[in-house]
Amino acid sequence: MTTYDNQNIFAKILRGEIPCEKIYEDDYVFSFKDVNPQAPSHILIIPKGAYLDINDFSKNATNEEIIGFNKSIPIVADQLGISEAAGGKGYRLISNAGAEAHQTVAHFHVHLLAGRNLGPMLVSIK
Ligand code: AMP
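Here's what I pulled together on the structure shown here. (Residues numbered from 1 in each chain as written. Predicted model: local features only at pLDDT ≥ 70, side-chain atom pairs only at ≥ 80, totals over all residues. Heavy atoms only, no water.)

### Some words on the packing of aromatic side chains
Part 1 of the reasoning: A full pass over the atoms with the stated rule returns six aromatic pairs.
Part 2 of the reasoning: Pairwise contacts between aromatic rings join Y51, F57, F69 and F108 into one cluster. (Phe/Tyr/Trp six-rings, centres within 6.5 Å; stacked < 30°, edge-to-face > 60°.)

### Details of the side chain of S83
Part 1 of the reasoning: Among the structural elements, S83 can be located in the loop between α3 (63-80) and β4 (91-94).
Part 2 of the reasoning: On the basis of relative accessible area, S83 is assigned to the buried category, the value being 6%.
Part 3 of the reasoning: Only 2.5 Å separates the side chain of S83 from the side chain of D78, close enough to count as a polar contact.
Part 4 of the reasoning: Ignoring sequence-local partners within four residues, the contact set of S83 consists of A77, D78, G88, G90 and Y91. (Helix = DSSP H or I, 4+ residues; strand = E, 2+ residues; numbered from the N terminus. Buried < 20%, exposed > 50% of the residue type's maximum accessible area, 1.4 Å probe, protein only. Polar contact = N/O pair within 3.5 Å; in protein donor to acceptor, adjacent residues only side chain to side chain. Contact = heavy atoms within 4.5 Å.)

Purely spatial values, then, with no claim about function.
Here is the structure:
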């Protein structure tokens, strides 16, 4: 996908057109529970701006947006108590970009996974 479709599901969540379980929001980001969790804690963090993936975001977002997005990660992780800094056992970030990474929603997002031992980074590499 090379052009942003403002009818994607995360754009609709941002506009409040479909419900979600909100975790955190500020001027730059919105964060909510993944509807199909892959770990006891599976949270998505998305920028409020319209970016396809991290490639688009890191290339085209303003420095303010990029800093705001990055700063939201420990805020969410501490709020959930999953960062070691907040007494948790740690977490993993994943961001899929494009077809072979199996990105299914073309609005940049980071998956934040925690709450169990997540095992090796990838199940298999060929
Ligand atoms: P990706 O495959 O990296 O693009 O991840 C998209 C994620 O969005 C998947 O983990 C889905 O479970 C999640 N998802 C899709 N629709 C919703 C929704 N309405 N609310 C919350 N999460 C969703």
